[in-house]
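The primary structure of each chain is shown beneath.
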There are 2 protein chains.
Amino acid sequence: MARATIHDVARTAQVSLATVDRVLNNRGSVAAKSVKKVQDAVARTGYVRDQFAANLSRGNGYRFVFLLPAGQSAFVRKLIAEIARESDLNRKDRVHIDIRSSKTFDPVSQVASLRQIDPETTDCAAVIVSDVPQVRAELTRLRAAGVRIVSLVADVQAEARDIYVGPNNEVAGRMAGQFMGRLIREPVGPVLVIAGSLAARDHAQRLLGFRQVLQNDFSGLTLLPVVEGFDDAARIADLVARTLDAMSPVGIYAIGAGNAGLVAALRRANSAFRPVTIAHESTDATREGLRDGLIDLVIDQDPGRAVTRAVRLMRDMADKQAVPSARGEIPLSVIIKESLS
Amino acid sequence: MARATIHDVARTAQVSLATVDRVLNNRGSVAAKSVKKVQDAVARTGYVRDQFAANLSRGNGYRFVFLLPAGQSAFVRKLIAEIARESDLNRKDRVHIDIRSSKTFDPVSQVASLRQIDPETTDCAAVIVSDVPQVRAELTRLRAAGVRIVSLVADVQAEARDIYVGPNNEVAGRMAGQFMGRLIREPVGPVLVIAGSLAARDHAQRLLGFRQVLQNDFSGLTLLPVVEGFDDAARIADLVARTLDAMSPVGIYAIGAGNAGLVAALRRANSAFRPVTIAHESTDATREGLRDGLIDLVIDQDPGRAVTRAVRLMRDMADKQAVPSARGEIPLSVIIKESLS
DNA sequence: TAAAAAATGATTGGCGTTCCTCATTTTTCG
DNA sequence: CGAAAAATGAGGAACGCCAATCATTTTTTA
């Protein structure tokens, strides 16, 4: 009943404790057949390393870094709050989390921030960065130096990270497309799409998915040229107001942030007719929009969940558990007026 | 930089290690002013108990029990799989999870199962049970004996458990209502609602929320008398087939399980017209329904998330951390054809 | 076959707690 | 004031593993 310890393993393998230790922590200097004996014994006894004892003995715990875009976007603020919470909760388990930031959409700044990460003092880093060559090179360097990399919310090329934690953004776009088509009572007319920046991989993927569905299932809906709002509320408000007047779109899909501008413009619109509007992320602005009937539906990725998942995976990776516990994909949820608390 | 230990606390409090220990683990026999000195020192040093060392020393880890309805419902199967996964993942942290089952919807069997839980050997239990007096009494007894209780997926009266982990089912019903109203191009006509059993608190709450929205926002939609399907596929297939013929409903809301029957009936229906159909839980049956256009939307609660959350909260409670880390509410997600992988 | 190299064994101290026991000191109260 | 009670101090063993060192045995190679 009691769990097996290295002593048990040593005994059933008929080798010394030292040899078991050498195998388990691969310190080398052990014959192939001894390795096998130990591995068999591990299997037979059902030995699982006691992570408490291991950590206690090693002395060091888990040292993680989160690298986020700077700035006051509501989403980032929520992320930071969640990370802080997670940090508190895990302090008793010796988890230390350091939050740093780099300029949004600025690869140069991101590279600089990545350079600041010291492989000696960090086990794992979760980053939100652009998927461009310089950044990838820096990530690869860090990985080679022993820092495990988690790409958060927006993925990068698979070779540059260990795991991605975030939603499937193409699916998000497809969901937006489907709801757009179905929530418009008569799906014919122009649709306005506002992205933050198409250089951001998550935004590009959402657009891709959205387009697919509209083309396939709702050919009556036509896409107006996609505009980039750079997550700036004032700019977006202006954009939306003008498009509403000029084109009378039947739908609006806001891919990125800055939705306070969207809501403001919709509120001011004088027309009796209101386009079906879909946005991303549950924030004050989008919730206000939902509540007042200006936004029909919000596709949300729960930042709390992403953070929890990321920390968990980071712990697993730091524990050198071969198979990280879970997949990093986090589900998307759909919020409508009714689902507001 | 290094984290504070009880030694540090003892030193800054100017008391002995033994006294610190007495205070921290309230073993009594310590003067009020000493208690204060220690508490101040804890605050000043930022001491947080090292859970690794504590567990190692205590020898025992975490002993949890999950009590689920028996039976082969897809949802329960998923739950079991998730619990097993979670159990594996946490084995290295000395978490031992025992899964037991009781007859579905049968309070007598539930009470019997609860009686089997030995307070001596279990720290915490997560249960899916009916919210009836006999069961509540048994839960209360267990809590008094030192077993922390988590109500899972379906809540019970607040006094009978420590925390609820699951979705807000009234909100789920409201979401279903809103989507029902909006996805029907012309929301006028009868709507069929199939519940599992209205004695199940989660089902009753969903119905409540659904009703609210229909009455308020879509008065053109009328509710047919709610039928109970007891999560039995054959029975439900029959029910649906007959209602389709007799009443031509414009919408169907399936509150509970047994959706294989729903899908089968819809597939066989010969009418060109198909009612807007909303169901719960992502299972093989509902996914098949979505894929083939028989179901329009599924409201899902991710069992993996519920289990993860439950285990985490149980660990926190077992650690005697005063404030359990997180709220137990887990988000609902909406699945449509497009969001299928 | 002897010397060098590789593999293995034996042992130790420590990580931060918990949970004891056994003094010793301080406080309380008749 | 003195005896009993309460509070405190001091110390040690244990939990399971890690990271060493040093001695000894086995294997390889010239």
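First, a word on what this report is: a plain description of the structure on this page. (Residues numbered from 1 in each chain as written. Chains lettered and ligands numbered in written order. Predicted model: local features only at pLDDT ≥ 70, side-chain atom pairs only at ≥ 80, totals over all residues. Heavy atoms only, no water.)

### A closer look at the overall build of chain A
Looking only at helices and strands, chain A has 13 helices and 12 strands in total. Structurally, chain A occupies a C-alpha span of about 85 × 40 × 35 Å along its principal axes. Within chain A, the proportion of its 341 residues that are buried is 53%. Once local pairs closer than 6 in sequence are excluded, the contacts in chain A between residues at least 24 apart make up 67%. Accessible surface computed for chain A: about 14800 Å², of which carbon and sulfur atoms make up 52%. With 45 positive and 38 negative side-chain charges, chain A shows a separation of 6 Å between the mean positions of the two kinds. (Helix = DSSP H or I, 4+ residues; strand = E, 2+ residues; numbered from the N terminus. Buried < 20%, exposed > 50% of the residue type's maximum accessible area, 1.4 Å probe, protein only. Contact = heavy atoms within 4.5 Å. Areas by Shrake-Rupley, 256 points an atom, 1.4 Å probe, with all protein chains shown as cover. Lys, Arg positive; Asp, Glu negative; His and termini not counted. Charge placed at Lys NZ, Arg CZ, Asp CG, Glu CD.)

### Some words on the nonpolar core
Residues F179, M180 and L297 of chain A together with F179, M180 and L297 of chain B are the most contacted members of the largest nonpolar core, which totals 54 residues. Non-local contacts of F179 of chain A, meaning those with residues more than four positions away in its chain, are made with I278, L297 and V334 of chain A together with F179, L297, V334 and I336 of chain B. (Core = buried A, V, L, I, M, F, W, Y, C linked by side-chain atoms within 4.5 Å.)

### Here's the deal with the packing of aromatic side chains
A full pass over the atoms with the stated rule returns six aromatic pairs over all chains. With a centroid separation of 5.4 Å and 50° between ring planes, the pair formed by F52 of chain A and F52 of chain B is classed as tilted. One end of the pair, F52 of chain A, is in helix α4 (residues 51–58); the other, F52 of chain B, is in helix α4 (residues 51–58), on a second chain. Across this residue pair, the class does not change: F52 of chain A and F52 of chain B are buried. (Phe/Tyr/Trp six-rings, centres within 6.5 Å; stacked < 30°, edge-to-face > 60°.)

### Regarding the interface of chain B and chain A
Every contact between the two is made by 52 residues of chain B and, on the other side, 52 residues of chain A. With both sides pooled, the region where chain B packs onto chain A buries about 4500 Å², and carbon together with sulfur makes up 54% of that total. Three residues stand out in chain B for area buried against chain A, namely F52, K92 and R185 of chain B, and they jointly supply 19% of the buried area on that side. Where chain B packs against chain A, one counts 12 salt bridges. Between E86 of chain A and R312 of chain B there is a salt bridge whose closest N-O contact spans 2.9 Å. (Buried area = accessible area lost by both parts, 1.4 Å probe. Salt bridge = Lys/Arg side-chain N within 4 Å of Asp/Glu carboxyl O.)

### Thoughts on the environment of L68 of chain A
Residues and elements named next belong to chain A. Counting through the fold element by element, L68 comes out in strand β1 (residues 62–69). When the C-alpha positions of L68 and T104 are compared, they lie 8.3 Å apart, and in sequence the two are 36 residues distant. What L68 contacts, discounting residues up to four positions off in sequence, is L79, I80, I83, I99, R100, S101, S102 and I128.

### Section: the protein's contact with DNA strand C
What surrounds DNA strand C is a group of 27 residues, the closest being S16, T19, A31 and S34 of chain A together with S57 of chain B. Close to the protein, within 4 Å, the atoms of DNA strand C are drawn from sugar and phosphate at a rate of 61%. Between a base nitrogen of DNA strand C and a side-chain N or O atom of S57 of chain A, the distance comes to 2.9 Å. Only α2 (17–24) and α4 of chain A together with α1 (6–13) and α4 of chain B provide two or more residues apiece to the surface near DNA strand C. The greatest single-element share of the surface near DNA strand C, amounting to four residues, is contributed by α4 of chain B. Class assignment for the residues of the surface near DNA strand C results in 10 nonpolar, 10 polar and seven charged. (Near = heavy atom within 4 Å. Polar contact = N/O pair within 3.5 Å; in protein donor to acceptor, adjacent residues only side chain to side chain. Nonpolar A, V, L, I, M, F, W, Y, C, P; charged D, E, K, R; others polar.)

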